[in-house]
Amino acid sequence: MGEVDPAFIQAVEHRPKLAIIEAEGIPLIDLSVLSSNESSNPSSTEPLVAEIGEACKNWGFFQVINHGVPLEKREKLELASREFFAQSTEEKSKVKRDEVNVLGYYDTERTKNVRDWKEVFDLTVKDPTVIPASHEPDDKELRKLVNRWPEYPSELREAFEDYAKAMEKLSYKLLELISLSLGLPEDRLGGFFDDHTSFIRLNHYPPCPIPHLALGVGRHKDSGALTILAQDDVGGLEVKRKIDGEWICVKPTPNAYIINVGTIIQVWSNERYESVEHRVMVNSTKERFSMPFFFNPDHNVMVEPLEELTTAQNPAKYKAYNWGKFMADRKRSNFKKLDVENIQICHFRIKLDESS
């Protein structure tokens, strides 16, 4: 492909290591009890709740099997995704996203102000989705995001809508389990998602001639509540292990989903659970496809530590922030390189002297 755009080059300290460490430790959790006759009996789900809690606390990531999502729903959307990305850039650009409507095709996304080696196609689950018109606190105007549907493949829309319903169902199940693992009623968190702003991203990572210098996605934490990732058999996802900061490769498990605790749950749990950094390696010979479902609350939700999880001895570690405004602020960096760091939850963390 000739000269590589320097915008793709990671700083030396963030470049991928070519020696890969595979993660044996990322928990693989069986959800089959949820579809059994015993699911209504709390004692039958207690071991599962405990497993989920340990995974959230120790890793911030886990995989699930026997999750109830029909394989054919996943395969239909994966096939449609491959067909869409196989088209010419000219065809794909007919549904290109912009600053007014951030849904659609895009191939120049940045993470931490460095360009990612990928192309994406974003689709919202609730079509249309209502979000703030800008990140400015005093701007009360709202706008609607509407999906852009390509002419080809024609089956993409139906495949997406069927898959999105299955992802919503799984997300609510996981949310209930996480709520129980925090010692809360299972329906404690569901009310934040009545008019949720969730979306699905179709990712394509082409072969990369400089896999030692670039990343498919640079290091980051997901800013929503939960991410449910379907990845192909090529792999490339790396998770930063909490105990030693080592980057660990998550080996693909057939028909499993990788679950990632987002920073909203970190805040709600007052850091009992922590979102962890992850990134995506690129491959010099193989293309890779993945489909993350980002489960995000209503735009008007004020995110703050849950009252039940704060005490005088363990006060709230974060100030409240509005999810819609937070999301609008972060989207700005997708279209231009900012001179400042993208907004993070650390900007809302209460310093010790502020809480005393």
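Read on for an overview of the structure. (Residues numbered from 1 in each chain as written. Predicted model: local features only at pLDDT ≥ 70, side-chain atom pairs only at ≥ 80, totals over all residues. Heavy atoms only, no water.)

1. Here's the deal with the overall build of the protein
Logical step 1: Counting secondary structure elements, the protein contains seven helices and 18 strands.
Logical step 2: In terms of overall dimensions, the protein is globule-like: its C-alpha atoms have a radius of gyration of 20 Å, near the 21 Å expected for 356 residues.
Logical step 3: With the C-alpha coordinates of the protein rotated into their principal frame, the extents come out at 60 × 50 × 45 Å.
Logical step 4: Out of the 356 residues belonging to the protein, those deemed buried represent 53%.
Logical step 5: For the protein, contacts bridging at least 24 residues in sequence account for 77% of all contacts bridging at least 6.
Logical step 6: With an accessible surface of roughly 16,600 Å², the protein has 50% of that area assigned to carbon and sulfur atoms.
Logical step 7: The centroid of the 46 positive side-chain charges in the protein is displaced by 4 Å from the centroid of its 58 negative side-chain charges. (Helix = DSSP H or I, 4+ residues; strand = E, 2+ residues; numbered from the N terminus. Rg over C-alpha atoms; globule rule 2.2 N^0.38 Å. Buried < 20%, exposed > 50% of the residue type's maximum accessible area, 1.4 Å probe, protein only. Contact = heavy atoms within 4.5 Å. Areas by Shrake-Rupley, 256 points an atom, 1.4 Å probe, with all protein chains shown as cover. Lys, Arg positive; Asp, Glu negative; His and termini not counted. Charge placed at Lys NZ, Arg CZ, Asp CG, Glu CD.)

2. Examining the pattern of salt bridges
Note on pairing: side chains with opposite charge can pair once their charged atoms come close.
Logical step 1: Applying the stated criterion across every chain yields a total of 20 salt bridges.
Logical step 2: With a shortest N-O distance of 2.8 Å, Asp-122 and Arg-97 are connected by a salt bridge. Taken as a pair, Asp-122 in strand S6 (residues 119-124) and Arg-97 in the loop between helix H3 (89-92) and strand S3 (104-106) lie far apart in primary sequence, 25 residues in all.
Logical step 3: Asp-122 gets classed as buried once you look at its relative accessible area, which sits at 1%.
Logical step 4: Looking at Arg-97, the relative accessible area reads 4%, which means it is buried.
Logical step 5: Across the salt bridge formed by Lys-118 and Glu-109, the nearest N and O atoms sit 3.2 Å from each other.
Logical step 6: Given a relative accessible area of 8%, Lys-118 falls into the buried group. (Salt bridge = Lys/Arg side-chain N within 4 Å of Asp/Glu carboxyl O.)

3. Quick word on the sheet that holds strand S12 (residues 237-240)
Logical step 1: Reading across from one edge, S10-S15-S12-S13 is the order of the four strands in this open sheet, with antiparallel pairing throughout. Unpaired on one side and paired on the other, strand S10 (217-220) and strand S13 (247-249) mark the two borders of the sheet. Taken pair by pair, the neighbouring strands of this sheet meet at an average axis angle of 20°, ignoring direction.
Logical step 2: With two bridges connecting them, S10 and strand S15 (residues 278-280) associate as antiparallel partners. Bridge pairing links Val-217 to Val-280 in S15. (Pairing = 2+ DSSP bridges. Axes fitted to C-alpha atoms, helices over the stretch in contact; angles between N-to-C directions.)

4. Quick notes on the sheet that holds strand S14 (residues 257-261)
Strand pairing in a sheet takes place through backbone hydrogen bonds and is either antiparallel or parallel in direction.
Logical step 1: Strand order in the open sheet formed by eight strands is S1-S2-S14-S11-S16-S9-S6-S3, with mixed pairing between adjacent strands. The open sheet has two edge strands, strand S1 (28-30) and S3, and neither has a second partner. Going from strand to strand, the sheet's axes swing by 25° on average, the running direction of each strand aside.
Logical step 2: By the bridge criterion, five bridges tie strand S9 (residues 199-205) to strand S16 (residues 288-295) in an arrangement that is antiparallel. Bridging across to S16, His-204 finds its partner in Phe-289.
Logical step 3: Taken strand by strand, helix H4 (residues 156-181) contacts strand S2 (61-65), S6, S9, strand S11 (226-231), S14 and S16, and its axis lies near 130° from that of S11.

5. Here's the deal with the state of the cysteines
Logical step 1: Per the stated rule, a full pass over the model turns up zero disulfides.
Logical step 2: You can see Cys-249 has no disulfide; the closest cysteine sulfur is in Cys-208, sitting 16 Å from it.
Logical step 3: We classify Cys-249 as buried; its relative accessible area is 11%. (Disulfide = S-S within 2.5 Å.)

6. Side note on helix H2 (residues 71-85)
Logical step 1: Between its first and last C-alpha, H2 extends 21 Å over 15 residues, near the 21 Å set by a 1.5 Å rise per residue.
Logical step 2: When H2 is considered as a whole, its buried residues turn out to be Arg-74, Leu-77, Ala-80, Ser-81, Phe-84 and Phe-85. Taken around the axis of H2, the buried residues stretch over an arc of 135°, which confines them to a single face. (Expected span 1.5 Å × (residues − 1). Arc of directions from axis to C-beta.)

7. Observations regarding the nonpolar core
Logical step 1: Formed by 71 residues in total, the largest nonpolar core has its most connected members in Phe-62, Phe-121, Leu-174, Tyr-257 and Trp-268.
Logical step 2: Element by element, the count of residues in this core is highest for H4, at 12 residues.
Logical step 3: Discounting chain neighbours no more than four positions away, the residues touching Phe-121 are Phe-84, Phe-85, Val-95, Gly-104, Tyr-105, Arg-148, Pro-150, Leu-156, Ile-200, Arg-201 and Leu-202.
Logical step 4: One finds Phe-61, Val-250, Ile-258 and Val-276 within the second-largest nonpolar core, a separate group that totals nine residues. (Core = buried A, V, L, I, M, F, W, Y, C linked by side-chain atoms within 4.5 Å.)

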